[in-house]
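# Secondary and tertiary structure notes
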Amino acid sequence: MSDDCLFCRIVAGEIPATVVLETKTILAFRDIAPQAPVHVVLVPKLHEPNAVALAERAPGELADLFVAAGDVAESEGIADSGFRLLFNTGADAGQTVFHAHLHLLGGKPLGHLA
Ligand code: 5GP
Ligand code: ZN
């Protein structure tokens, strides 16, 4: 846990969030500024600054994030219509919280990224 990390503080219950799933290793909660009808952020309870660092230190937790994303897509009713999974990594990608997190977006056609 990092005291000055927003997502560590949400994991610790110090900052409220609308939690949609919690497992031993993962917390998933609704994004405060949703970019789609369904916008959930999935974070490992372990603090690493980005997804690459998480993959290096704890690859199993990276896999846990994807499994949890599938479970949330099911519970949100978008597993069949489709959804986007996204890691912003670094400033040019728009990463603003430097605790690895997987965005789950869906609930409408999202268009192509590139
Ligand atoms: P990033 O831009 O780092 O990829 O994603 C960070 C995300 O966290 C943003 O989509 C932002 O809206 C969300 N966020 C920032 N602060 C809070 C907060 O206090 N609570 C919740 N639930 N989401 C937050
Ligand atoms: Zn953190």
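Residues numbered from 1 in each chain as written. Chains lettered and ligands numbered in written order. Predicted model: local features only at pLDDT ≥ 70, side-chain atom pairs only at ≥ 80, totals over all residues.

## Comments concerning the overall build of the protein
Counting its secondary structure elements, the protein contains 3 helices and 5 strands. Going from N to C terminus, the protein has its helices and strands arranged as α-β-β-β-α-α-β-β. Counting only C-alpha atoms and orienting by the principal axes, one finds that the protein spans roughly 35 × 30 × 25 Å. When burial is assessed residue by residue, the protein has 22% of its 114 residues classed as buried. Contacts in the protein between residues at least 24 apart in sequence constitute 56% of all its contacts with a sequence separation of at least 6. (Helix = DSSP H or I, 4+ residues; strand = E, 2+ residues; numbered from the N terminus. Buried ≥ 20, exposed ≤ 12 C-beta atoms within 10 Å, placed from the backbone. Contact = placed C-beta atoms within 7 Å.)

## Considering the sheet that holds strand E1 (residues 19-22)
Strands sit in the order E1-E2-E3-E5-E4 across an open sheet of 5 strands; the sheet is antiparallel. Looking at which strands have only one partner, the edges of the open sheet turn out to be E1 and strand E4 (83-86). Strand-to-strand twist across the sheet, computed as the mean angle between neighbouring axes with direction ignored, equals 20 degrees. Pairing of strand E3 (residues 38-44) with strand E5 (residues 102-106) involves 5 bridges; the strand directions are antiparallel. Each bridged residue has a counterpart across the sheet, and for Val40 the counterpart in E5 is Leu104. Sitting on the sheet, helix H3 (residues 59-76) touches E1, strand E2 (26-30), E3, E4 and E5, and the angle it makes with E3 is about 155 degrees. (Pairing = 2+ DSSP bridges. Axes fitted to C-alpha atoms, helices over the stretch in contact; angles between N-to-C directions.)

## Overview of the site of ligand 1
In the vicinity of ligand 1, 14 residues are found, and the nearest of them are Ile32, Ala33, Asn88, Thr96 and Val97. Its residues placed into classes, the shell around ligand 1 shows 8 nonpolar, 4 polar and 2 charged. (Near = placed C-beta within 6 Å. Nonpolar A, V, L, I, M, F, W, Y, C, P; charged D, E, K, R; others polar.)

## Side note on the UniProt feature "active site" (unreviewed entry) in the protein
In the UniProt entry, the feature "active site" (unreviewed entry) is given for His101. Turning to its location among the elements, His101 is positioned in the loop between E4 and E5. Under the C-beta neighbour-count criterion, His101 is labelled buried, with 23 such atoms within 10 Å. Excluding anything up to four places from it in sequence, His101 contacts Phe7, Val41, Leu42 and Val43. (UniProt positions renumbered as here; feature names shortened; annotations may be inferred.)

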